[in-house]
Each structure stands twice: as structure tokens, then as C-alpha cells.
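Structure at a glance
The residues making up each chain are set out below.
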Amino acid sequence: MRILIRTSRWAIWARRLGTLALPLVVIPVLLHRERFITGDLFLVAVLLAGLVALFALLISLIALARLWHTGDQGWGKALAGLALALVCLAPFGWYGSLALRYPPATDMATTERGALPLVFEPGTAAMPAPRLLTPAQQAAIFPNAQMRTYPLAPEQTFAMLERMVADRGWDVRLLREPAADSPGRINAQAMTLPGWREEAVLRVTPIAEGSRVDMRSASLNALHDFGSNGQRIEEFLIALDDAVTVLLRDNPVVEPVEGEAETAPLAVPVN
């Protein structure tokens, strides 16, 4: 006499939902990065994907509990559904942790934001109002997001900025070299992993000691940057500090500008 061991329907549905959740998470990101869907549609699609993944996780846990008690077949299907659900929910957990770590913000600068304007585009007028950190919050969370001064001519500093922007693959929207009576400026757009676009603005101002560098980074449509703007400013300016240090160390023919530059130290980021 053969004993029929059936496959748990809970396990079957766990794998089905997990298999469905994976493309629901990946496809909206790809479409958003290629600008096939707007940010509003992206948020709706991501929310739907998260709900499906959460439902798949719940069904998988129920399936495993029932398999333990009934002895039915379907362990592989239930575990596959569980694994797929956890993979799909991992980005939500990651961004949730960033939301707890960083206050809501979408715009950050080392000086007045009006001195570092964004490039006007058709979608710029529809941008949500910027969300700003207080000076105390910015200093506490991003201590290295501060203006820099270097004992280099503005043209030298600007050339370094231009090269660093190119190395990062940012999309340059405006490039204005410094002149005797006006600062140089670079506007370039970068893209976050989910496809949100953020604009970086770099300004080189001639000063008596050499040149001053200010930077702004702003999300163009997102409601929360999860710390990306502050991290971008800190990473870029720290890399610039290193590049200037290497230039002055390895090129003794590079002379500081005349005046107080010979005694003026490089700007050192606050630790």
C-alpha cells in the first residue's frame, strides 16, 4: 500500500510569491534609472514590490511551520520562497537603517545655496521644496562637508576638479572656467542606485591665499537622500585634499601663489 505524501500548497504559493517579488523589485529600478517611469510611479511600484515580498515572507514562514507538523513535501519550495523574499526585502531594510541614521534632507552645501545655483531644466520647476539640515546637524553628521582653501591658482584647482568629476562619470551640465574677476563653476549630475538624480555644484573662487572651493549636492526629485548628498560632498572634498597634497609633494615645481600662501596650511577636514 502506497502512502500518498502531498505537496503543501503553502509551500507552492511561497515560491510563487517570492518568484513574483524579485522582478517587481528589479524592473522598476531599471525603468527609473533609464527614465522610462517618473519618480511617483517608481515609488508606487516599489511599495507594491515590498508588499508582495513581505507577503511572500509571511507565507513562507507559515509553510515551514505547517511542513514541520504535517510532514508534507515542499521544503525546497518553502525555503526558496523564504530566500527570495529576504533578498527582495534586503534593500528595504538597508534604506530603513539609513533613514534611522540620517535626518530627512535633500540639499546640502558648504556655503549659501544661492551662491551655487542648479542648472535650470524642464523638470527643475516641479522639484519638491528642499529639506535642509540645520548647521548644527550638518556639522555633527557630516563634519568634513566644509569649504576648502588651497595655496594653488584657481586655474590649477579648477583643472583638478574637472578631472575628478570626469573620473566619477558624472554628467556635466555646465562648465565655466575661473576668470580674474569671477569664480569657476561646474554643475554635474550623478545617479543613485535606485535611479534618483542628484546635482553636484562645484565653485572655485580666487582668494589672496590661492583658491577656495565650495560644493553643493542636491536631490532633484527625491524626498529623502538617505545621506547621499552629505556623503558625496565629504568623499569628493577629502579626495580633493589628497590630490592637492600629492600634487604639492610630488611636484616641487608647483609654486604656491604669492602672498600669504607660503604660510597658509591646507584646509584639514575635521575628524
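The coordinates are above.
Residues numbered from 1 in each chain as written. Predicted model: local features only at pLDDT ≥ 70, side-chain atom pairs only at ≥ 80, totals over all residues. Heavy atoms only, no water.

1. Some details on the nonpolar core
Grouped burial of nonpolar side chains is what soluble globular proteins tend to show. Among the nonpolar cores identified, the biggest contains 28 residues, and L161, W170, M215, F236 and L240 are the most heavily contacted of them. Where this core is concerned, the elements lending two or more residues are α5 (154-167), β4 (184-191), β5 (197-207), β6 (210-219) and α6 (228-250). Excluding anything up to four places from it in sequence, M215 contacts M108, A109, T110, L116, W170, A200, V201, L202, R232, I233, F236 and L237. Ranked by size, the runner-up nonpolar core spans 19 residues in total, among them A21, V25, A56 and C88. (Core = buried A, V, L, I, M, F, W, Y, C linked by side-chain atoms within 4.5 Å. Buried < 20%, exposed > 50% of the residue type's maximum accessible area, 1.4 Å probe, protein only. Helix = DSSP H or I, 4+ residues; strand = E, 2+ residues; numbered from the N terminus. Contact = heavy atoms within 4.5 Å.)

2. Brief notes about the packing of helix α1 (residues 9-33) against helix α2 (residues 39-70)
Remark: α1 packs on α2, axes separated minimally by 8 Å, with the N-to-C direction vectors making an angle of 160°. By the criterion of interaxial angle, the relationship of α1 to α2 is roughly antiparallel. The interaxial crossing formed by α1 with α2 has left-handed handedness. The class makeup of the residues in the contact of α1 with α2 is 22 nonpolar, four polar and one charged. (Axes fitted to C-alpha atoms, helices over the stretch in contact; angles between N-to-C directions. Parallel < 35°, antiparallel > 145°, perpendicular 65-115°, else oblique. Left-handed = near helix turned anticlockwise from the far one by under 90°. Nonpolar A, V, L, I, M, F, W, Y, C, P; charged D, E, K, R; others polar.)

3. Description of unusual backbone geometry
Across residues other than glycine, the phi torsion is negative in most instances, and most of the peptide bonds are trans. One non-glycine residue, R35, adopts positive backbone phi at about 65°. You can see R35 is positioned in the loop between α1 and α2. You can call R35 partly exposed: its relative accessible area is 49%. The phi dihedral of F226 is positive, around 55°, even though this residue is not glycine. Relative to the helices and strands, F226 resides in the loop between β6 and α6. With a relative accessible area of 24%, F226 lands in the partly exposed category.

4. Description of the side chain of R197
Tracing the backbone shows R197 in strand β5. Buried within the structure, R197 lacks any salt-bridge partner; its nearest side chain of opposite charge belongs to E34, at an N-O separation of 6.5 Å. Here R33 takes part through its backbone oxygen, which lies 2.9 Å from a polar atom of the side chain of R197. (Lys, Arg positive; Asp, Glu negative; His and termini not counted. Salt bridge = Lys/Arg side-chain N within 4 Å of Asp/Glu carboxyl O. Polar contact = N/O pair within 3.5 Å; in protein donor to acceptor, adjacent residues only side chain to side chain.)

5. Things to note about a nonpolar patch on the surface
Taken together, the side chains of L22, V26, L30 and V87 define a hydrophobic patch exposed on the protein surface, amounting to about 330 Å² of accessible area. Take the nonpolar patch: its biggest share by element is three residues, from α1. (Patch = residues over 30% accessible without salt bridge, like charges linked within 9 Å, V, L, I, M, F, W, Y side chains within 5 Å. Areas by Shrake-Rupley, 256 points an atom, 1.4 Å probe, with all protein chains shown as cover.)

6. Points about the packing of aromatic side chains
This model, assessed by the stated rule, comprises four aromatic pairs. Seen from their ring centres, W170 and F236 are 5.6 Å apart, and the 25° between their planes marks the pair as stacked. Of this pair, W170 sits in the loop between α5 and β3 (171-176) while F236 sits in helix α6, and the two are 66 residues apart along the sequence. W170 gets classed as buried once you look at its relative accessible area, which sits at 13%. (Phe/Tyr/Trp six-rings, centres within 6.5 Å; stacked < 30°, edge-to-face > 60°.)

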